[in-house]
Amino acid sequence: MAINYGSKIEIFKAFKKSINSLTLKNVEKNLYTKKMPSPDILIRTGGHQRLSNFMLWQLAYTELFFLKKLWPDFNGRDLNKIVKKFVQIKRNFGNI
């Protein structure tokens, strides 16, 4: 659960803590989610196609799925469709 969360502030604080030894590893070590893997899938319901300052660092290689339906209407069939699409995606994680 993310309450009063803002990704820009999270990244700023992580950089600030890492300033004396600024490496990607040190920045990631200072993120709120340091003990969690980055998500493979983000599902955004409600018809909005934006991240809204949510996990900007962690979503770098995440597959994004945008649905017009609202969250209460999201169901198992919707999830199954997304998972089927996801497994067909060739993920490069920044590599060519």
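Going by the structure above, here's the rest.
Residues numbered from 1 in each chain as written. Predicted model: local features only at pLDDT ≥ 70, side-chain atom pairs only at ≥ 80, totals over all residues. Heavy atoms only, no water.

## Quick notes on the overall build of the chain
Inference 1: Each helix and strand in the chain was counted, giving 3 helices and 2 strands.
Inference 2: The secondary structure elements of the chain, listed N-terminal to C-terminal, are α-α-β-β-α.
Inference 3: Expected size for 96 residues packed as a compact globule is a radius of gyration near 12 Å; at 16 Å, the chain overshoots this value by more than 25%.
Inference 4: Considering only C-alpha atoms, the chain reaches an extent of 50 × 35 × 20 Å along its principal axes.
Inference 5: Going through the 96 residues of the chain one by one, you find that 25% of them count as buried.
Inference 6: Across the chain, contacts joining residues at least 24 apart in sequence account for 43% of those joining residues at least 6 apart. (Helix = DSSP H or I, 4+ residues; strand = E, 2+ residues; numbered from the N terminus. Rg over C-alpha atoms; globule rule 2.2 N^0.38 Å. Buried < 20%, exposed > 50% of the residue type's maximum accessible area, 1.4 Å probe, protein only. Contact = heavy atoms within 4.5 Å.)

## Structural notes on the pairing of strand β1 (residues 41-44)
Inference 1: Side chains of β1 alternate between two faces, with L42 and R44 buried and I41 and I43 left unburied.
Inference 2: Direction of pairing for β1 relative to strand β2 (residues 63-66): parallel, over a ladder of 4 bridges. By the bridge assignment for β2, L42 is matched with L64. (Pairing = 2+ DSSP bridges.)

## Description of helix α1 (residues 7-18)
Inference 1: Taking 1.5 Å per residue as the helical rise, α1 with its 12 residues ought to reach 16 Å, and the 16 Å between its terminal C-alpha atoms agrees with that figure.
Inference 2: Every buried residue of α1 is listed here: S7, E10, I11, A14 and S18. Down the axis of α1, the sector holding all buried residues measures 95°, keeping them to one side. Opposite the packed face of α1, turned more than 90 degrees from it, sit the exposed residues K8, F12 and K16. (Expected span 1.5 Å × (residues − 1). Arc of directions from axis to C-beta.)

## Re the pattern of salt bridges
Inference 1: Overall, the coordinates contain 3 salt bridges when judged by the stated rule.
Inference 2: With a closest N to O distance of 3.5 Å, R91 and E63 form a salt bridge. One end of the pair, R91, is in the segment after α3 (76-88); the other, E63, is in strand β2, and 28 residues separate them in sequence.
Inference 3: Two residues, K69 and D78, come together in a salt bridge whose shortest N-O distance is 2.8 Å.
Inference 4: Look at the salt bridges and you will find they share partners, linking D40, E63 and R91 into a network. (Salt bridge = Lys/Arg side-chain N within 4 Å of Asp/Glu carboxyl O.)

## Description of the environment of K69
Inference 1: Take K69: it is sitting in the loop between β2 and α3.
Inference 2: When neighbours within four sequence positions are excluded, K69 is seen to be in contact with T45, G46, F74, N75 and D78.
Inference 3: At 2.8 Å, the side chain of K69 forms a polar contact with the side chain of D78. (Polar contact = N/O pair within 3.5 Å; in protein donor to acceptor, adjacent residues only side chain to side chain.)

From the geometry alone we can't say anything about function, so treat these as descriptive.
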